[in-house]
Amino acid sequence: MTGPDARRALARYREHAAGYDASALRTMALRYRTVWNLDLRPGDAVLDVACGTGLSFALLEEAIGPSGRLVGVELSPEMAAIARARIERAGWRNAQLIVARMEDAALAPNSLDAVAFNFTHDVLQSEQALANIFAACKPGARVAVAGSKLLPWYLAPVNLYVRWNNAPYMTTQRNLRAPWKLLSSYVGDLSVEPALWGAGYLAKGRFAATA
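Cut-offs applied
- Residues numbered from 1 in each chain as written.
- Predicted model: local features only at pLDDT ≥ 70, side-chain atom pairs only at ≥ 80, totals over all residues.
- Heavy atoms only, no water.
- Helix = DSSP H or I, 4+ residues; strand = E, 2+ residues; numbered from the N terminus.
- Buried < 20%, exposed > 50% of the residue type's maximum accessible area, 1.4 Å probe, protein only.
- Contact = heavy atoms within 4.5 Å.
- Areas by Shrake-Rupley, 256 points an atom, 1.4 Å probe, with all protein chains shown as cover.
- Phe/Tyr/Trp six-rings, centres within 6.5 Å; stacked < 30°, edge-to-face > 60°.
- Polar contact = N/O pair within 3.5 Å; in protein donor to acceptor, adjacent residues only side chain to side chain.
- Pairing = 2+ DSSP bridges.
- Axes fitted to C-alpha atoms, helices over the stretch in contact; angles between N-to-C directions.
- Core = buried A, V, L, I, M, F, W, Y, C linked by side-chain atoms within 4.5 Å.

## Section: the overall build of the protein
On a plain count of helices and strands, the protein comes out with eight helices and seven strands. Considering the protein as a whole, with its 211 residues, one finds that 53% of them fall into the buried category. Within the protein, contacts between residues at least 6 apart in sequence are counted, and of these 74% link residues at least 24 apart. Carbon and sulfur atoms provide 57% of the accessible area of the protein, an area that totals close to 10000 Å².

Structure follows, in structure tokens:
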């Protein structure tokens, strides 16, 4: 199965941008749990991977406070425009928005205390993107993930629906049975639990600097 396709993603999220916040309401509970799993503290520097319209920003800002630093990276200019407007309305002076592929985002080395992956399947399937992210992480940086996954093989009819339901939001379905497969080489203690009746998952752990 082929890997992520940035050109297709740009086209898809150009269409999704205006209605993205409404479509994401069904997974807001997992977004809250992802931020909770980061165990953020005032002053922390946190990366919101593929931040979209910035739906997680308020949760992250509340946790890190004005002394912290929030970095959001988003491929889609249309999604990023909504995220930027969110930053400006809230007056978050400690928030930085980078419009780029995660593989190309300019991140300061050894600067991040935590990383949030919220429904970022394409990024999780890119070795180059993960290498760029973790080059910017401090040893022991906290990592939290929420996403979709397939159920066991014997629930094939349900998996057809899972694939169909997620197709608009990812350009590859590689490793959809275990989306955290590549991530686990960076997060040695990664723990995974099912969510959404098995069609989703939550994962957390700490960056192993020797990866």
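## Structural notes on the packing of aromatic side chains
The final tally for this structure, using the stated rule, is six aromatic pairs. Between Phe 57 and Trp 92, the ring centres sit 6.5 Å apart and the planes meet at 75°, which makes this aromatic pair edge-to-face. Taken together, the positions of Phe 57 in helix α4 (residues 57–64) and Trp 92 in the loop between α5 (77–90) and β3 (95–99) put the pair 35 residues apart, joining distant regions of the chain. Each of the two residues, Phe 57 as well as Trp 92, counts as buried.

## Side note on the side chain of Asp 44
By the secondary structure assignment, Asp 44 is in the loop between α3 (28–37) and β1 (45–49). When its relative accessible area of 8% is taken as the criterion, Asp 44 is described as buried. Among the polar contacts made by the side chain of Asp 44, one reaches the main-chain amide nitrogen of Arg 41 at a distance of 2.9 Å. When near neighbours in sequence (up to four residues on either side) are disregarded, Asp 44 contacts Asp 39, Ile 64, Gly 68, Arg 69, Asp 113 and Arg 142.

## Some remarks on the sheet that holds strand β6 (residues 191–195)
Strand order in this open sheet of seven strands is β3-β2-β1-β4-β5-β7-β6, and the pairing throughout is mixed. A single partner strand is all that each edge strand has here, and the edge strands are β3 and β6. Along the sheet, successive strands turn relative to each other by an average axial angle of 15°, direction set aside. Pairing of strand β5 (residues 137–148) with strand β7 (residues 200–206), which is carried by seven bridges, proceeds in the antiparallel orientation. In the sheet register, Arg 142 faces β7, and the bridge partner there is Arg 206. The strands touched by α4 within the sheet are β1, β2 (69–74) and β3, with β2 carrying the most contacts at an inclination of about 160°.

## Thoughts on the pairing of β5
Burial analysis of β5 places nine of its 12 residues in the buried class, which makes it a mostly covered element. As defined by bridge partners, strand β4 (residues 112–118) adjoins β5 across six bridges and the pair is classed as parallel. Residue Val 115 lies in a different strand from β5, and its bridge partner there is Val 143.

## Topic: unusual backbone geometry
Backbone geometry at Asn 110 places phi at a positive 55°, although glycine is not the residue there. Looking at the secondary structure, you find Asn 110 in the loop between β3 and β4. Judged by relative accessible area, which is 44%, Asn 110 ranks as partly exposed. Non-glycine residue Phe 119 carries a positive phi angle of around 50°. Position of Phe 119 among the secondary structure elements: in the loop between β4 and α6 (121–124).

## Digging into the nonpolar core
Counting 33 residues, the largest nonpolar core has Leu 47, Met 102, Phe 117, Ile 133, Phe 134 and Leu 183 as the members making the most contacts within it. Among the elements of the structure, β1, β2, β4, α6, α7 (127–135), β5 and β7 are those that each provide at least two residues to this core. Apart from residues lying up to four places away in sequence, Leu 183 is in contact with Phe 117, Leu 124, Leu 130, Phe 134, Val 143, Val 145 and Leu 190. Of all hydrophobic cores here, the second largest spans 19 residues; its members include Leu 40, Ala 114, Ala 116 and Ala 144.

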